[in-house]
Structures are given as structure tokens and as C-alpha cells.
Amino acid sequence: MPITLSLREAIVHKVHDKSDAQLREMIEGSVDGPEAALPGLGAIFEMIWKNTDPGKQDELIQVAQQHLHTIPVKPLR
């Protein structure tokens, strides 16, 4: 009988037993990598977000805002 996992469960399963160095390597290998890696980064970010106090969340928002404003946006066609 096949096991059915949600995407979140599959990602947690994949990274659950990784060391700090292995987790960093996985994240760094996904950043600027293929778009297929984005859901994994999103699931990792979701875990971070849910376990971060509101003050740190505000800091993360500010970092995102600072970087978003440096990226040129091409018009949609």
C-alpha cells in the first residue's frame, strides 16, 4: 500500500534528521536554484515563521521589504 504524504510532510521527512550543516547546505543549494526547490524553501520558512516571535517576524518583513525594493520589476505582458 503506497504512503501518501502532503508536500509539507514530505519536506519535513526529508530534512528531519539532517545536521545543522546539512540543513544549511540544503537551503543554500536551493537558493537561486531550480524553481522546483521553492516549495521546500517555503515549507522551511513556514516552520521558521510559526516558531518565531512577532518581533523577529517584523525583522524578517523588513529584510524582505528592503530586498524587494532593490529588484527591478518587469512589466507583465
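Keep in mind it's a predicted model, so treat the numbers as computed, not measured.

So, how was this worked out
- Residues numbered from 1 in each chain as written.
- Predicted model: local features only at pLDDT ≥ 70, side-chain atom pairs only at ≥ 80, totals over all residues.
- Heavy atoms only, no water.
- Helix = DSSP H or I, 4+ residues; strand = E, 2+ residues; numbered from the N terminus.
- Rg over C-alpha atoms; globule rule 2.2 N^0.38 Å.
- Buried < 20%, exposed > 50% of the residue type's maximum accessible area, 1.4 Å probe, protein only.
- Polar contact = N/O pair within 3.5 Å; in protein donor to acceptor, adjacent residues only side chain to side chain.
- Contact = heavy atoms within 4.5 Å.
- Patch = residues over 30% accessible without salt bridge, like charges linked within 9 Å, V, L, I, M, F, W, Y side chains within 5 Å.
- Areas by Shrake-Rupley, 256 points an atom, 1.4 Å probe, with all protein chains shown as cover.
- Salt bridge = Lys/Arg side-chain N within 4 Å of Asp/Glu carboxyl O.
- pLDDT = per-residue confidence, 0-100.
- Phe/Tyr/Trp six-rings, centres within 6.5 Å; stacked < 30°, edge-to-face > 60°.
- Core = buried A, V, L, I, M, F, W, Y, C linked by side-chain atoms within 4.5 Å.

Take the overall build of the chain next. If you tally the helices and strands in the chain, you get 4 helices and 0 strands. Relative to the compact-globule value of 11 Å for 77 residues, the chain shows a C-alpha radius of gyration of 15 Å, a clear excess of over 25%. For the chain, the spread of C-alpha atoms along the three principal axes comes to 50 × 35 × 25 Å. Among the 77 residues that make up the chain, the fraction classed as buried is 14%.

Glancing now at the side chain of Gln57. Tracing the backbone through its elements, the reader meets Gln57 in helix H4 (residues 54-68). Overall, the relative accessible area of 16% leaves Gln57 in the buried class. A distance of 2.8 Å separates the side chain of Gln57 from the backbone oxygen of Trp49, its partner in a polar contact. With residues near it in sequence (within four places) discarded, Gln57 still touches Trp49 and Thr52.

Let us look at a nonpolar patch on the surface. A contiguous nonpolar surface patch, about 240 Å² in accessible area, is contributed by Phe45, Ile48 and Leu60. Structurally, Ile48 can be placed in helix H3 (residues 38-50).

On average, residues of the chain score 92 in pLDDT, and 100% of them are at 70 or above. Of all secondary-structure elements in the chain, the lowest mean pLDDT belongs to helix H1 (residues 7-15), at 91, while H4 reaches the highest, 96.

This part takes up the packing of aromatic side chains. This model, assessed by the stated rule, comprises 1 aromatic pair. On the numbers, 5.8 Å between centres and 35° between planes, the contact of Phe45 with Trp49 is tilted. Note that Phe45 and Trp49 are positioned in helix H3 at a spacing of 4 residues, about one turn of the helix.

Ile11, Val15, Met26, Ala43 and Ile44 form the largest nonpolar core, which has 5 residues in total. Secondary structure elements with two or more residues in this core: H1 and H3. Excluding its chain neighbours within four sequence positions, the residues that come into contact with Ile44 are Ile11, Val15, Met26 and Ile27.

The next point concerns unusual backbone geometry. The phi dihedral of Asp32 is positive, around 65°, even though this residue is not glycine. Tracing the sequence through the fold places Asp32 in the loop between helix H2 (20-30) and H3. Looking at Asp32, the relative accessible area reads 81%, which means it is exposed.

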